[in-house]
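Residues per chain are reported as follows:
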Amino acid sequence: MLEWKGIAASTGYAMGSAYRLPELPAAVKSAVLSYPGSKLDKQEIDKEADRLAEAVRQAAQDIAAWKREAAAAGREAQARIFATHLSLLQDPEYIGEVTERIKGEGIYAESALRAVTDELVALFGAMENEVLRERCADLEDVAGQLHAKLHGGDTPLQVRLTEPAVIVGVDIPPSLTARLDRRMVLGIALEKGGRTSHSAIIARSLGIPAVVGIRGLLSAIQTGDEVIVDGRQGIVITTPEQSTTESYATRQREEAVAAARLARFKSLPTATADGHAVQLAINIAHPQEAEAAREVGAEGIGLYRTEFLFMDRSTSPSEDEQFQAYRSAVMAIPEGSAIIIRTLDVGGDKAIPYLQRNREELNPFLGYRGIRLCLDREYSPLFKTQLRAILRASACGKLKIMYPMIATLKELRAASALLQEAKLELDEAGLPYDPKLEAGIMIEVPAAAMIADQLAKEADFFSIGTNDLVQYMMAADRMNEAVSHLAEPLQPAILRVIDRVIQCAHKEGKWAGMCGEMAGHPLAIPLLLGLGLDEFSMSASALLPARELIARLDYAECRRLAQQALQLESAEEIQRLAAEACTPNVSLESE
Ligand code: PEP
Ligand code: MG
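Section: the overall build of the protein
Stage number 1. Check the secondary structure of the protein and you find 23 helices and 16 strands.
Stage number 2. With 591 residues in all, the protein has 55% of them scored as buried.
Stage number 3. Residue pairs in contact within the protein that sit at least 24 positions apart in sequence constitute 68% of those at least 6 positions apart.
Stage number 4. Accessible area for the protein stands at about 25,600 Å²; split by element, carbon and sulfur atoms hold 52% of it.

Rendered as structure tokens:
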């Protein structure tokens, strides 16, 4: 038995025998070797160009059909991947270039296809932008399909499993992942990829447990070997011992029971047993994750952390690149819902070296962070670029903007002034945006909580960021285990500050939400409801359990509970009180 650690890409457990994928690039490459790049005569060149055109036509026909199937089944992420593949087939810089190579160099279609694909993959693979890097998988995928069509057959990767299996491989081309039969594919374990690689996105949307980025996995696994995929912890176990298999079988059964119980809540609105309605939203860090809002039946996206778009690169993304990302997120949300895009919150533990040059900070969480950096004269052009991109995306769907780390009214006013400037610039350029775009703020700095009455007059909404608010209120670093007993959201001081913030918002007729982790904590939910919180934004996996819990609660009872909790003297007392309200099955660990 061997245990392999990778990246948890799609939650759940899978057990079964492995099916090892044939490796596409090797298959294509060996075929190319049998078509040496010898010079062809004019007639042969024309024949090769025709073969390529016919292969492109057939592949486009297949992909268009898959796209229609995916769209009809409401699998929009998959439909978009197929649309990308169709556009590659029409791309003059790809297929056009392959044709040019055949003609210019007098080589076989396979050789030209491989050469151009390799060059583009090398080009995209070297890019800092993760989204563009991931285009490599799409290119390889399309190349594989064209290669197969050139030979009049199916792609070697059209896996036809006759029995359910766990797919293992280096990587899976996105189009194949999108066509996987959920009933036959128990799980996925891959050597390559990250949480945002296409295969991970699709695995999540299909609900297939997956672990990716497992180095060296293929050295220890063959088709037919027993394997366990633990998509919760990001672990793969090869040839497991009997006791391990039994323990996972128990977990699988428990998970199935819980999921079946929760599934019916996907299509229900969120309301307490006595009919008090609130909004349940999800938090995302990448535009691709917006799909999850539909999957879990969320009433919106309460926090899109845009700083991830600025990470792992050496320069900030352009206005257009940001616009594309924000637009794709806003277009993926469920109808009738909204997405809250938070402006750049660099700093603290989210370092972006090219934006924080020469700044050694003793206390990064108390330093040059979030709106502070964005309002600095050096960075305000970068901030304005982001505001323009967000404004432009607001023309494509319901979107709200939110500023992080606001501590003073002056900061809010300065951000609003820049937003106004950005609007005027777009007016001049004739670019559309939503003129009624709401602009809200995070309440995560105690100073903001203390002046919430003033801020509520000028902000359109509040979203309470308890991850930071708790650490700043309690003076307890959110990363430091030694003070974790203080960095606890159910402290009396925290409940009181939340109560104040919600009341200040309501007094001005504004709504108050929460996007810190506390919002998805089962023990906190009855209290937050009772304090009058209007919106709860949490990780997608926490949403259905939260909706189910809320449906069991009584609003009048929660209000009474919250008032009682506000009078208690310790976190332990508050936890005990909340646990009684949440029965059954809720413990402090069940977050
Ligand atoms: C928070 O502070 O609660 C929050 C949601 O923001 P982040 O975790 O990104 O700091
Ligand atoms: Mg924060």
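Don't stop here, the text continues.
A word on the sheet that holds strand β1 (residues 2–5)
Stage number 1. Taken in spatial order, the eight strands line up as β1-β8-β7-β3-β4-β5-β6-β2 in an open sheet, and their pairing is mixed. At either margin of the open sheet sits one strand with a lone partner, and together these are β1 and β2 (7–10). Within this sheet the neighbouring strands show an average axis-to-axis angle of 30°, counted without direction.
Stage number 2. By the bridge criterion, three bridges tie strand β3 (residues 13–20) to strand β4 (residues 165–169) in an arrangement that is parallel. Note that in β4 the partner of Tyr-19 across the bridge is Ile-167.
Stage number 3. Along the sheet, helix α10 (residues 242–263) makes contact with β3, β7 (226–230) and β8 (235–238), crossing β3 at roughly 120°.

Brief notes about helix α23 (residues 571–582)
Stage number 1. Over its 12 residues, α23 extends 16 Å from the first C-alpha to the last, a length consistent with the 16 Å expected when each residue adds 1.5 Å.
Stage number 2. Burial in α23 covers these residues: Ala-571, Ile-574, Gln-575, Leu-577, Ala-578 and Cys-582. Down the axis of α23, the buried side of the element spans an arc of 165°, and every buried residue falls inside it. Exposed residues on α23 whose side chains face more than 90 degrees from its buried face are Arg-576 and Glu-580.

Considerations on the pairing of strand β9 (residues 279–284)
Stage number 1. With five of six residues buried, β9 lies mostly within the body of the structure.
Stage number 2. Two strands pair when backbone bridges link them, and β9 and strand β16 (residues 535–538) are joined in this way by four bridges, in the parallel orientation. Paired with Ile-282 across the strands is Met-538, a residue of β16.
Stage number 3. With three bridges connecting them, β9 and strand β10 (residues 300–305) associate as parallel partners. Bridge pairing links Asn-283 to Leu-303 in β10.

A closer look at the environment of Pro-492
Stage number 1. Positionally, Pro-492 belongs in helix α19 (residues 492–507).
Stage number 2. Sequence separation between Pro-492 and Ala-571 is 79 residues; the distance between their C-alpha atoms is 6.2 Å.
Stage number 3. Leaving out residues up to four positions away in the same chain, Pro-492 has contacts with Leu-568, Glu-569, Ser-570, Ala-571 and Ile-574.

As for the coordination of the magnesium ion (ligand 2)
Stage number 1. Distances from the magnesium ion (ligand 2) to its protein donors, namely Glu-444 (OE) and Asp-468 (OD), fall within the range 2.0 to 2.1 Å. Residue Glu-444 is found in the loop between β13 (438–443) and α16 (446–450), and its partner Asp-468 is found in helix α18 (residues 466–474); the two are separated by 24 residues along the sequence. As far as the burial class goes, Glu-444 and Asp-468 line up, both buried.

Observations concerning the sheet that holds β9
Stage number 1. If you trace the eight strands once around the closed barrel, you get β9-β10-β11-β12-β13-β14-β15-β16, paired in parallel fashion. In this sheet, neighbouring strand axes are inclined to one another by 25° on average, regardless of whether the strands run parallel or antiparallel.

Focus on helix α4 (residues 92–105)
Stage number 1. Listing the buried residues of α4 in full gives Tyr-94, Ile-95, Val-98, Thr-99, Arg-101 and Ile-102.
Stage number 2. Contact partners of the buried residues in α4: α2 (42–72), α3 (76–89), α5 (109–125) and α7 (135–150).
Stage number 3. Backbone nitrogen of Glu-93 and a side-chain oxygen of the N-cap are separated by 2.8 Å at the start of α4; the cap is Asp-91.
Stage number 4. Of the residues one or two after α4, Gly-106 is the one with positive phi, at around 65°.

With respect to the nonpolar core
Proteins that are soluble and globular tend to have nonpolar side chains buried together.
Stage number 1. Counting 115 residues, the largest nonpolar core has Tyr-326, Ile-339, Tyr-403, Phe-462, Ile-498 and Phe-536 as its most contacted members.
Stage number 2. The biggest single contributor to this core is α19, with eight residues.
Stage number 3. Sequence-distant contacts of Tyr-403, that is, excluding residues within four places in its chain, are made with Thr-343, Ile-371, Phe-383, Leu-387, Leu-412, Ala-415, Ser-416, Leu-419, Ala-439, Gly-440, Ile-441 and Met-442.
Stage number 4. One finds Leu-89, Ile-95, Val-116 and Cys-136 within the second-largest nonpolar core, a separate group that totals 32 residues.

Section: empty space enclosed by the protein
Stage number 1. For the structure on display, the rule yields four cavities of 30 Å³ or more.
Stage number 2. Put simply, the largest cavity is a space of about 80 Å³.
Stage number 3. In terms of lining residues, the largest cavity is bounded by 14 residues, among which Arg-305, Arg-342, Glu-444, Asn-467 and Asp-468 are the most central.
Stage number 4. Residue composition of the lining of the largest cavity, grouped by class: three nonpolar, three polar and eight charged.

Some words on the pattern of salt bridges
Stage number 1. Tallied over the entire structure, the rule returns 31 salt bridges.
Stage number 2. For the salt bridge of Glu-105 with Arg-101, the shortest nitrogen-to-oxygen distance reads 3.9 Å. Residue Glu-105 and its partner Arg-101 are located together in helix α4, separated by four residues, close to a single helical turn.
Stage number 3. A salt bridge links Arg-392 to Asp-320; the nearest nitrogen and oxygen atoms lie 3.1 Å apart. With Arg-392 in helix α14 (residues 380–393) and Asp-320 in helix α12 (residues 319–332), this pair connects stretches of sequence that are 72 residues apart.
Stage number 4. Judged by relative accessible area, Arg-392 falls into the buried class, the value being 14%.
Stage number 5. Owing to a relative accessible area of 43%, Asp-320 belongs among the partly exposed residues under this scheme.
Stage number 6. What emerges from the salt-bridge pattern is a single network uniting Glu-319, Asp-320, Lys-384, Arg-388, Arg-392, Glu-421 and Glu-425.

A short note on the packing of α4 against α5
Stage number 1. Two elements in contact, α4 and α5, have axes whose closest approach is 9 Å; the angle formed by their N-to-C orientations is 135°. Between α4 and α5, the crossing angle belongs to the class labelled oblique. Classified by chirality, the crossing of α5 by α4 is right-handed. Here α4 contributes Glu-93, Tyr-94, Glu-97, Val-98, Arg-101 and Ile-102 to the contact with α5, which in turn contributes Ala-109, Ala-112, Leu-113, Ala-115, Val-116, Thr-117, Glu-119 and Leu-120.
Stage number 2. Residues belonging to the contact of α4 with α5 are distributed by class as follows: nine nonpolar, one polar and four charged.

Description of the site of ligand 1
Stage number 1. In the neighbourhood of ligand 1, 15 residues make up the surrounding shell, with Arg-305, Arg-342, Lys-350, Gly-465 and Asn-467 lying closest.
Stage number 2. At a separation of 3.0 Å, an oxygen atom of ligand 1 approaches a polar side-chain atom of Glu-444.
Stage number 3. Contact distances for ligand 1 include 2.8 Å between an oxygen atom and a backbone N or O atom of Asn-467.
Stage number 4. When isolated, ligand 1 has an accessible area of 280 Å², and the protein chains bury 98% of it.
Stage number 5. Most atoms of ligand 1, that is more than half of them, are within 2 Å of grid points of the largest cavity.

Definitions and cut-offs
Residues numbered from 1 in each chain as written. Chains lettered and ligands numbered in written order. Predicted model: local features only at pLDDT ≥ 70, side-chain atom pairs only at ≥ 80, totals over all residues. Heavy atoms only, no water. Helix = DSSP H or I, 4+ residues; strand = E, 2+ residues; numbered from the N terminus. Buried < 20%, exposed > 50% of the residue type's maximum accessible area, 1.4 Å probe, protein only. Contact = heavy atoms within 4.5 Å. Areas by Shrake-Rupley, 256 points an atom, 1.4 Å probe, with all protein chains shown as cover. Pairing = 2+ DSSP bridges. Axes fitted to C-alpha atoms, helices over the stretch in contact; angles between N-to-C directions. Expected span 1.5 Å × (residues − 1). Arc of directions from axis to C-beta. Donors = N, O, S within 2.8 Å, 3.2 Å for Na, K, Ca; no water. Polar contact = N/O pair within 3.5 Å; in protein donor to acceptor, adjacent residues only side chain to side chain. Core = buried A, V, L, I, M, F, W, Y, C linked by side-chain atoms within 4.5 Å. 1 Å grid on protein atoms, 1.4 Å probe; cavity = no way out; pocket = protein on both sides within 12 Å on 5 of 7 lines; lining within 4 Å. Points joined across faces, edges and corners; volume = space filled by probe spheres on them. Nonpolar A, V, L, I, M, F, W, Y, C, P; charged D, E, K, R; others polar. Salt bridge = Lys/Arg side-chain N within 4 Å of Asp/Glu carboxyl O. Parallel < 35°, antiparallel > 145°, perpendicular 65-115°, else oblique. Left-handed = near helix turned anticlockwise from the far one by under 90°. Near = heavy atom within 4 Å. Sits in = over half its atoms within 2 Å of the grid points.

The analysis is restricted to geometry; functional conclusions fall outside its scope.
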